[in-house]
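Here is how the chains run, residue by residue.
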Amino acid sequence: MLKVKIINRSGNELPVYETPGSAGMDVRACLEEPVTLGPLERALIPTGLRVQLPEGYEMQIRPRSGLALKHGISLANTPGTVDADFRGEIGVILINLSKEPFTVNDGDRICQMVIAQYTRVEWEAVDEIDRTVRGDGGFGHTGMA
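Residues numbered from 1 in each chain as written. Predicted model: local features only at pLDDT ≥ 70, side-chain atom pairs only at ≥ 80, totals over all residues. Heavy atoms only, no water.

A tally of regular secondary structure across the protein chain gives 1 helix and 12 strands. Secondary structure of the protein chain in N-to-C order comes out as β-β-β-β-β-β-β-α-β-β-β-β-β. Over its C-alpha trace the protein chain gives a radius of gyration of 19 Å, far above what one expects of a compact globule, namely 15 Å for 145 residues. Each of the three principal axes of the protein chain carries a C-alpha extent, and together these read 55 × 40 × 30 Å. Surface summary for the protein chain: the accessible area is close to 10600 Å², and the carbon and sulfur share equals 51%. Of the side-chain charges in the protein chain, 15 are positive and 20 negative, and the distance between the mean point of each set is 6 Å. (Helix = DSSP H or I, 4+ residues; strand = E, 2+ residues; numbered from the N terminus. Rg over C-alpha atoms; globule rule 2.2 N^0.38 Å. Areas by Shrake-Rupley, 256 points an atom, 1.4 Å probe, with all protein chains shown as cover. Lys, Arg positive; Asp, Glu negative; His and termini not counted. Charge placed at Lys NZ, Arg CZ, Asp CG, Glu CD.)

Encoded structure:
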């Protein structure tokens, strides 16, 4: 298991995996007072968390499916990326895609975070790339089924 240093100034519990098979951990809002998002409004919601990710890792910030389905709440930049060299407080850009106002309270679970390893690339400029059966087909080119 990867150990990651974290500072928690929220007064809420640390993000946790809710089930043994969960890839994401729920993250809670850190608010002095509730924030109400009107329809199509967005706001930066603080978490009170700062992390020190190891080099070669990123944190992905993703919507919670229950909030999206039940309330139309998502993230404006999904997935958000927290880089290994970022040391500031993690903020979450929530957006209300519903027709009803939605209020976020301190301690509410607002998103999930996934820690993932990544590979950096070095570009090799060429005039041609290998052909495949798929070729340049995309955006539904294989049909509905």
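This part is about the state of the cysteines. Applying the stated criterion across every chain yields a total of 0 disulfides. With no disulfide of its own, Cys30 lies 13 Å from the sulfur of Cys111, the closest cysteine sulfur. Exposure remark for Cys111: the relative accessible area of 0% places this residue in the buried category. (Disulfide = S-S within 2.5 Å. Buried < 20%, exposed > 50% of the residue type's maximum accessible area, 1.4 Å probe, protein only.)

Taken in spatial order, the 3 strands line up as E5-E10-E8 in an open sheet, and their pairing is antiparallel. The open sheet is flanked by strand E5 (42-46) and strand E8 (73-75), the only strands paired with a single partner. Taken over all neighbouring pairs, the strand axes of this sheet differ in orientation by 40 degrees on average, direction set aside. Note that E5 and strand E10 (residues 91-96) share 5 bridges and pair antiparallel. Directly across from Leu44, in E10, lies its bridge partner Ile93. (Pairing = 2+ DSSP bridges. Axes fitted to C-alpha atoms, helices over the stretch in contact; angles between N-to-C directions.)

The next thing to look at is the pattern of salt bridges. In this structure the tally under the stated criterion is 4 salt bridges. Of the charged contacts in the structure, one is a salt bridge between Glu13 and Arg28, with a shortest N-O distance of 3.7 Å. In this pair, Glu13 sits in the loop between strand E1 (5-8) and strand E2 (16-17) while Arg28 sits in strand E3 (residues 25-28), placing the two residues 15 residues apart along the sequence. Glu13 gets classed as partly exposed once you look at its relative accessible area, which sits at 47%. For Arg64, the salt bridge is made with Asp26, and the minimal N-O distance between the two is 3.3 Å. Residue Arg64 is located in the loop between strand E7 (57-62) and helix H1 (65-71), and its partner Asp26 is located in strand E3; the two are separated by 38 residues in the primary sequence. A residue is classified by how much of its surface remains accessible, and Asp26, at 11% relative accessible area, is buried. Through salt bridges with shared partners, one network takes in Glu18, Asp26, Arg64 and Arg109. (Salt bridge = Lys/Arg side-chain N within 4 Å of Asp/Glu carboxyl O.)

With that settled, consider the sheet that holds E2. Read from one edge of the open sheet, 5 strands run E2-E3-E12-E7-E9, paired in antiparallel fashion. Each having just a single partner strand, E2 and strand E9 (80-82) make up the two edges of the open sheet. In this sheet, strand E12 (residues 109-117) lies alongside E7 in antiparallel orientation, the contact comprising 6 bridges. The partner of Tyr57 across the bridge, within E12, is Gln117.

Counting residues in hydrophobic clusters, the biggest one holds 25 residues, and the most contacted among them are Met59, Ile61, Leu94 and Ile110. Looking at this core, the elements that each hand over two or more residues are E3, E5, strand E6 (49-52), E7, E8, E10, strand E11 (102-104) and E12. Here this core takes 3 residues from E12, the largest share from any one element. Once residues within four sequence positions are removed from consideration, Met59 is found in contact with Val51, Leu53, Gly80, Thr81, Val82, Ile90, Met113, Val114 and Ile115. (Core = buried A, V, L, I, M, F, W, Y, C linked by side-chain atoms within 4.5 Å. Contact = heavy atoms within 4.5 Å.)

In short, shape yes, function no, at least from these values alone.
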